[in-house]
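# Observations on the model geometry
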Amino acid sequence: MVVLLTILGVKKWYDAKNAVDSIFDSAKIQKARDVSVALKKSKPISILLLGTDTGALGRNYRGRTDTIIVATLNPKKKKMTLTSIPRDTAMSIPGYSNYSPSKINSAYDFGGAGTAIKSVEKLLNIPIDYYGLINMGGLEKIVDGVGGIDITPTLTFKYGNANVKKGKKIHLAGKAALDYSRMRYDDPKGDYGRQTRQRQVLMAILRKSDSITALLNKDFLKSLQKQTKTDLTFNELLTLSTNYRVATHHLKSTHLQGNGEMINGGAYEVVPKSERQRVTNFIRSALELSKKTTGTTGLSSLVTGEVDDDATTNGSESSSGTANQYGSSAGTNTTTGTGGGYTAPQQTTPTQGTQTQGLTGY
């Protein structure tokens, strides 16, 4: 009997591993730091969460990432942060300066997860350790997989399957949670209001930590194969589900606040350098990294009216970086705060390499 149980346990483990392997997709870039040591020592890490408006409603193209959230996990302090980045944030995408200015949500469509990571790192001068991408259909399945979520709306509205009232707690199943997080045009805060609701949904999922652990099973993960991608390995996911769950006990969130501007006939969010610095401080503090000057949009001052450190008059940028860029000592800052269709262009300069390990960043 013991032998049989052991065999069954091993089989279940391999089934789960194979399922996780099926959603693994390397970012195909050299990461800013080697996070394997950090995981073993339960040090803070960052994960770039990307959401595409595909996978449901008949949409099956790769698409832009209309949801961009930087999550940090600090298990020793039992703290987690979520920082939303407006999808229309104006910047020069690393490797695609000929298309400057661009919106940051085009980075994934331009060059995949690696380009999205490099864009966020460049904008805020922070290291991104991992990424996780999910589309609409995948979010619906995850919410149903944890048995639905409880939300207390800050706005009264009806949109699709979501029919909510301000201040009245409601239990949402997958379809309703998806619609709750997607509604934008009836929100007086526009996309910023939608970002708040997206963080609400994510926080509600994360708080059901026991359910999240239960999601690491073969059948559920296989159902997400076409809707989810991540560069977290099976062992790394196991570490997060066991050692990092406590980070969800205390959660702070904020967003990068831009100013709406028309540039070359397009609507963009232009984020002042002072605001980028606030968010840089917020994230670096959560990662226990030293204070550093914020990153750059790489845009010309002729476009933004503001001179970035590495911007030139034609909007070109330097997209390469080194591990030491992100510093190594613990910071003390605890600041908190409150496009249409197109064909993705080809990369104009080679910025993507092969993902490697062995770098240092702490």
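Cut-offs applied
Residues numbered from 1 in each chain as written. Predicted model: local features only at pLDDT ≥ 70, side-chain atom pairs only at ≥ 80, totals over all residues. Heavy atoms only, no water. UniProt positions renumbered as here; feature names shortened; annotations may be inferred. Helix = DSSP H or I, 4+ residues; strand = E, 2+ residues; numbered from the N terminus. Buried < 20%, exposed > 50% of the residue type's maximum accessible area, 1.4 Å probe, protein only. Areas by Shrake-Rupley, 256 points an atom, 1.4 Å probe, with all protein chains shown as cover. Pairing = 2+ DSSP bridges. Axes fitted to C-alpha atoms, helices over the stretch in contact; angles between N-to-C directions. Contact = heavy atoms within 4.5 Å. Phe/Tyr/Trp six-rings, centres within 6.5 Å; stacked < 30°, edge-to-face > 60°. Expected span 1.5 Å × (residues − 1). Polar contact = N/O pair within 3.5 Å; in protein donor to acceptor, adjacent residues only side chain to side chain. Salt bridge = Lys/Arg side-chain N within 4 Å of Asp/Glu carboxyl O. pLDDT = per-residue confidence, 0-100. Core = buried A, V, L, I, M, F, W, Y, C linked by side-chain atoms within 4.5 Å.

The name recorded for the chain in an unreviewed UniProt entry is Transcriptional regulator, from Pediococcus stilesii. According to its UniProt record, the chain has this under Sequence similarities (unreviewed entry): "Belongs to the LytR/CpsA/Psr (LCP) family."

### Let's talk about the overall build of the chain
Assigned secondary structure in the chain consists of 12 helices and 14 strands. A buried classification covers 54% of the 362 residues belonging to the chain. In the structure as shown, the chain presents an accessible area of about 16,600 Å², 53% of it carried by carbon and sulfur atoms.

### Things to note about the sheet that holds strand E3 (residues 79–84)
Spatial strand order, E11-E6-E1-E2-E3-E12: six strands in an open sheet with mixed pairing. Of all the strands in the sheet, the pair left with one neighbour each is strand E11 (228–230) and strand E12 (250–255). Pairwise comparison of adjacent strand axes, ignoring direction, gives a mean angle of 15° for this sheet. The sheet strands contacting helix H5 (residues 136–145) are strand E1 (45–52) and strand E6 (130–135), and the helix crosses E6 at an angle near 95°.

### Some words on the packing of aromatic side chains
All told, the structure shown has three aromatic pairs when counted by the stated rule. Between Tyr99 and Phe110 the ring centres are 5.8 Å apart and the planes differ by 55°, which places this aromatic pair in the tilted class. Here Phe110 lies in helix H3 (residues 107–111) and Tyr99 lies in the loop between strand E4 (90–91) and strand E5 (102–103), a separation of 11 residues in the sequence. Judged by its relative accessible area of 39%, Tyr99 is partly exposed. Between the aromatic rings of Phe157 and Tyr180, the centroid separation amounts to 5.7 Å while the plane-to-plane angle is 20°, which identifies the pairing as stacked. In this pair, Phe157 is assigned in strand E8 (residues 157–159) and Tyr180 in helix H6 (residues 174–182), connecting sequence segments 23 residues apart. Judged on exposure class, the residue Phe157 and its partner Tyr180 are both buried.

### Focus on the environment of Ile93
Mapping Ile93 onto the fold places it in the loop between E4 and E5. For Ile93 and Thr297, which are 204 residues apart along the polypeptide, the C-alpha to C-alpha distance reads 8.3 Å.

### Quick look at helix H7 (residues 190–207)
Along its 18 residues, H7 runs 26 Å from first to last C-alpha, staying within 8% of the 26 Å computed at 1.5 Å per residue. Taking burial as the measure, the 18 residues of H7 include 15 buried ones, the bulk of the element.

### Let's talk about the environment of His171
When you line up the elements, His171 lands in strand E10 (residues 170–172). Here the alpha-carbon distance between His171 and Ile149, two residues 22 residues apart in the chain, equals 5.6 Å. With residues near it in sequence (within four places) discarded, His171 still touches Gly147, Gly148, Ile149 and Asp150. In this structure the side chain of His171 is engaged in a polar contact, spanning 3.1 Å, whose partner is the backbone oxygen of Gly147. At 2.8 Å, the side chain of His171 forms a polar contact with the side chain of Asp150.

### Notes on the pattern of salt bridges
What the rule picks out here adds up to 13 salt bridges. With a closest N to O distance of 3.0 Å, Arg197 and Asp187 form a salt bridge. Here Arg197, found in helix H7, pairs with Asp187, found in the loop between H6 and H7; they are 10 residues apart in sequence, far enough to count as distant. Taking the shortest distance from any N to any O, the salt bridge between Glu275 and Arg278 comes out at 2.8 Å. Placement of the pair is Glu275 and Arg278 together in helix H11 (residues 273–286), with a separation of three residues, close to one helical turn. Here Glu275 matches Arg278 in class, with each residue buried.

### What to know about the confidence of the model for the chain
Here the chain averages 79 in pLDDT, while 73% of its residues score no lower than 70. Residue range residues 1–8 is modelled with pLDDT below 50. Its contacts to residues more than four positions away, or to other chains, number zero contacts.

### Quick notes on helix H4 (residues 113–124)
Helix length check: H4, at 12 residues, gives a terminal C-alpha distance of 17 Å against a target of 16 Å (1.5 Å per residue), a fit within 8%. Residues of H4 that are buried: Ala113, Gly114, Thr115, Ala116, Ile117, Lys118, Ser119, Val120, Glu121, Lys122, Leu123 and Leu124. On its buried face, H4 sits against E1, strand E2 (65–74), E4, H3, E6 and H11. One or two steps after H4, the chain reaches Asn125, where phi turns positive at roughly 55°.

### Side note on the nonpolar core
Counting residues in each nonpolar core, the largest one holds 31 residues, and the members touching the most others are Leu48, Val70, Ile85, Val120, Leu124 and Ile283. Elements supplying a minimum of two residues to this core: E1, E2, H3, H4, E6 and H11. With six residues, the top contributor of residues to this core is H4. Those residues in contact with Ile85 that lie beyond four places of it in its chain are Ile68, Val70, Ile104, Val120, Leu123, Leu124, Gln195 and Leu256. Ranked by size, the runner-up nonpolar core spans 25 residues in total, among them Val20, Ala38, Met80 and Leu82.

### Overview of the pairing of E2
Moving residue by residue along a regular strand, the side chains alternate between the two faces of the sheet. Buried residues dominate E2, accounting for 10 of its 10 residues. Here E1 runs beside E2; their pairing, made up of eight bridges, is antiparallel. Residue Leu49 lies in a different strand from E2, and its bridge partner there is Ile69. As judged from the six bridges shared by E2 and E3, these two strands associate in the antiparallel manner. Its bridge partner being in E3, Val70 is matched across the sheet by Thr83. Count of turn residues in the E2/E3 antiparallel hairpin: four residues, of which Lys78 carries a positive phi of about 55°.

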